[in-house]
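# Summary of structural features
Chain by chain, the residues:
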Amino acid sequence: MAVELSSFEKKIHIQGHGIKITTALKQQIYDEGFYPIALTWIGDDVTGPFSFSGYGDDSPFELRKVDDQYHVFQNGKFYTEVTFYRRPEFWSHQFDFGAKGSSDSKSGINSTVFIDEGMAGVITPCGQSALDFDDDQGDVLKLTRGRFPFVSVACYNGLSSWPSWGCMYTKAKQPCKFCCIPGAFDESKILYTQEGWLEGLAETFVDVEKELGEDIRECSYTIDAGTLPGSDKGANVYIKVLDAIKNRLGHLPKTYYIRAVIEPPHGDEWLYALKEAGFTDIQMDVDIYDDEERRRLMPNAKGYRPIADYLKAFQKAKEIFPGEVATQLIAGIQSDENLLKGVEQFASLGVPTLVTPFLPFGQGRKLIRDEEEIDVPTPDRMLHIYERAAASLTRHNVDAPGFRGGVSSLPEFMGKRKKRAGALTNYQKGAAARVLEPALAL
Ligand code: SF4
């Protein structure tokens, strides 16, 4: 008799393969009013990634619509039912960014507040698969209708803004080898410098509040970007974003946390300034733990920053921020033992690690092509890492990261799931209608 897999087992299997989905089906999902990108639900659980980026084109998993329901098939056999995020109204908020003009769909910017589907740092170059990308025309992002070039996969009720999805390392042609941002650096991705962008962001938040109502308290708000120039690593821009929202609303977003994801700024004063501006939580992603592996996989200033810099920043941030200080390590491209050493060391400082699988997006595709031993980690390997990571967190009495994303936040092991926000979910479809129960600790 076939053994019924748990939603966790299902998603961890899918995670390693991606899911094939046709361009027509993607469009249909969009037209039906769903968030047209990667997130799916298996029962009450979140999974990703779908093959909106081309990843998964060789996967045994495939999305089909059967009798008005979306199903995933594995090698032609029914595997699981899935649902999608409902697309909130605020996502379509349009505004004029002034003379430089970004309100046309080609520019790729309409709304400035997104549903963060983040698999913690794994950014899916949505709409940039071979099917969606026309090099000659530069006509990218058809799938998202120009709205959102990059999205990460599988967060819970997460709101996010990206003041820039360019990165100074990409600009210097020294991107991290696992970086999910594809292609060459493009100045137009530096959004915060565009006239009217900050005001537009603040204006969108008026709609966000209206639409989410009290459910906003079940949501997180993250500000994230590629590393920005300057010793503050972008902190001053993050502060401007919160200031703009505060000025428009008269208060900060009433989310359960406001998180900055940032490379550690040089100088503690920037950590104080972020806290002062209203950030309650901070995430500083180490990504690769061993100093030698760091230099190999991140041939840029970040890779040459020693772990000691991060440890110092974690300790200071723990003194400053009322919420969580967290980090991320990427599994599959560094030695598991090194990664787990990192998890243990950070946990000893009270810092939880999001363990995120390497996925072959952006630069990662090249890495997989160039280095034979690199591949997407298998479900068994990930499971083993998660188990040992969870044991480290437990030993040091550290909660799983507050970020409720995919498998990376280990909710199956330690987490407590959040009630899904009504404006973002899809209550009409099958299993998605259930109210969530806290996950059981294993
Ligand atoms: S820091 Fe590295 S991974 Fe992050 S955006 Fe820049 S190049 Fe990409």
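Residues numbered from 1 in each chain as written. Predicted model: local features only at pLDDT ≥ 70, side-chain atom pairs only at ≥ 80, totals over all residues.

### Some details on the pairing of strand β13 (residues 325-331)
Counting buried positions along β13 yields seven of seven residues, so the element is predominantly enclosed. Burial along β13 is two-sided: Val325, Thr327, Leu329 and Ala331 and Ala326, Gln328 and Ile330, pointing in opposite directions, are all buried. With two bridges connecting them, strand β12 (residues 281-283) and β13 associate as parallel partners. Pairing of Ile282 across the sheet is with Val325, part of β13. Summarising the sheet, β13 and strand β14 (residues 353-357) pair through five bridges and their orientation is parallel. What sits directly across from Thr327, in β14, is Thr353. A crossover connection joins β13 to the parallel β14 through helix α9 (residues 336-348); in handedness this β-α-β unit is right-handed. (Buried ≥ 20, exposed ≤ 12 C-beta atoms within 10 Å, placed from the backbone. Helix = DSSP H or I, 4+ residues; strand = E, 2+ residues; numbered from the N terminus. Pairing = 2+ DSSP bridges. Right-handed = clockwise from strand over helix to strand, strands pointing away.)

### Structural notes on the nonpolar core
Tyr238, Val241 and Leu274 are the most contacted members of the largest nonpolar core, which totals 79 residues. At eight residues, helix α5 (residues 235-249) tops the list of elements feeding residues into this core. Leu274 has contacts with Ala235, Tyr238, Ile239, Ala260, Phe279 and Ile282, leaving out every residue within four places of it along the chain. In this structure, Ile19, Ile21, Phe61 and Val72 belong to the second largest nonpolar core, which totals nine residues. (Core = buried A, V, L, I, M, F, W, Y, C linked by C-beta atoms within 7 Å. Contact = placed C-beta atoms within 7 Å.)

### Notes on the packing of helix α6 (residues 268-277) against helix α8 (residues 307-320)
Following both chains from N to C, one finds α6 and α8 inclined at 35°, their axes separated by 10 Å at the closest point. In this structure, α6 crosses over α8, and the sense of that crossing is right-handed. Side by side, α6 and α8 meet where Asp268, Leu271, Tyr272 and Lys275 of the first sit next to Lys316, Ala317 and Ile320 of the second. Classifying every residue of the contact of α6 with α8 by side-chain character gives four nonpolar, no polar and three charged. (Axes fitted to C-alpha atoms, helices over the stretch in contact; angles between N-to-C directions. Left-handed = near helix turned anticlockwise from the far one by under 90°. Nonpolar A, V, L, I, M, F, W, Y, C, P; charged D, E, K, R; others polar.)

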